[in-house]
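# Structure assessment
Here is what each chain is made of, one letter per residue.
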Amino acid sequence: MTSQQYQPTTEDLKRWERLDELGMTAMCGTPMSDEEYEHKLQSVIDGSCFTKYLNKILKQKQELQDRLKGIEQTEQMLRAKIAEFQNQKAS
């Protein structure tokens, strides 16, 4: 069994160098226009982005509370049915 060590070619090295360059400035999603960037920056400065996020969180909270209320009603119904069946068995 011989062990050969991989030797990258000049093309490999150039390609890796280019990938490293791109990786330094890589970002996810589509690039923002200058106007979009200014708008987002201004929303952080004036705090409106936090208000928008709070409203989103409050909406999610309300949806979860409504869902929990439905689950609690189902729980009460099931407990009542279980108690009804246990009373029938005891009789």
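Residues numbered from 1 in each chain as written. Predicted model: local features only at pLDDT ≥ 70, side-chain atom pairs only at ≥ 80, totals over all residues. Heavy atoms only, no water.

The subject of this paragraph is the environment of Met77. In this structure, Met77 sits in helix H3 (residues 48-90). Taking the C-alpha atoms as reference, Met77 lies 73 Å from Thr10; in sequence the two are 67 residues apart. (Helix = DSSP H or I, 4+ residues; strand = E, 2+ residues; numbered from the N terminus.)

This paragraph deals with the pattern of salt bridges. Scanning the model with the defined rule gives 2 salt bridges in all. Here Arg15 ties to Asp12 by a salt bridge, and the two come within 2.6 Å at their closest N and O atoms. In this pair, Arg15 and Asp12 are both assigned in helix H1 (residues 10-24), 3 residues apart and thus about one turn of the helix distant. Classification of Arg15 as partly exposed rests on a relative accessible area of 47%. By relative accessible area, Asp12 is classed as buried at 12%. One salt bridge in this structure joins Glu75 and Arg79, with 3.0 Å as the shortest N-O distance. Pair noted here: Glu75 and Arg79 are both in helix H3, with a separation of 4 residues, about one helical turn. (Salt bridge = Lys/Arg side-chain N within 4 Å of Asp/Glu carboxyl O. Buried < 20%, exposed > 50% of the residue type's maximum accessible area, 1.4 Å probe, protein only.)

The next thing to look at is a nonpolar patch on the surface. A cluster of nonpolar residues, Tyr6, Leu13, Trp16, Leu19 and Leu22, forms a patch on the protein surface that exposes about 530 Å² of accessible area. Positionally, Tyr6 belongs in the segment before H1. (Patch = residues over 30% accessible without salt bridge, like charges linked within 9 Å, V, L, I, M, F, W, Y side chains within 5 Å. Areas by Shrake-Rupley, 256 points an atom, 1.4 Å probe, with all protein chains shown as cover.)

This part covers a negative patch on the surface. Together, Asp34, Glu35, Glu36 and Glu38 make up a region of like negative charge exposed at the surface. Within the element layout of this structure, Glu36 appears in helix H2 (residues 34-46). Taking relative accessible area as the criterion, Glu36 reaches 41% and is therefore assigned partly exposed. (Lys, Arg positive; Asp, Glu negative; His and termini not counted. Charge placed at Lys NZ, Arg CZ, Asp CG, Glu CD.)

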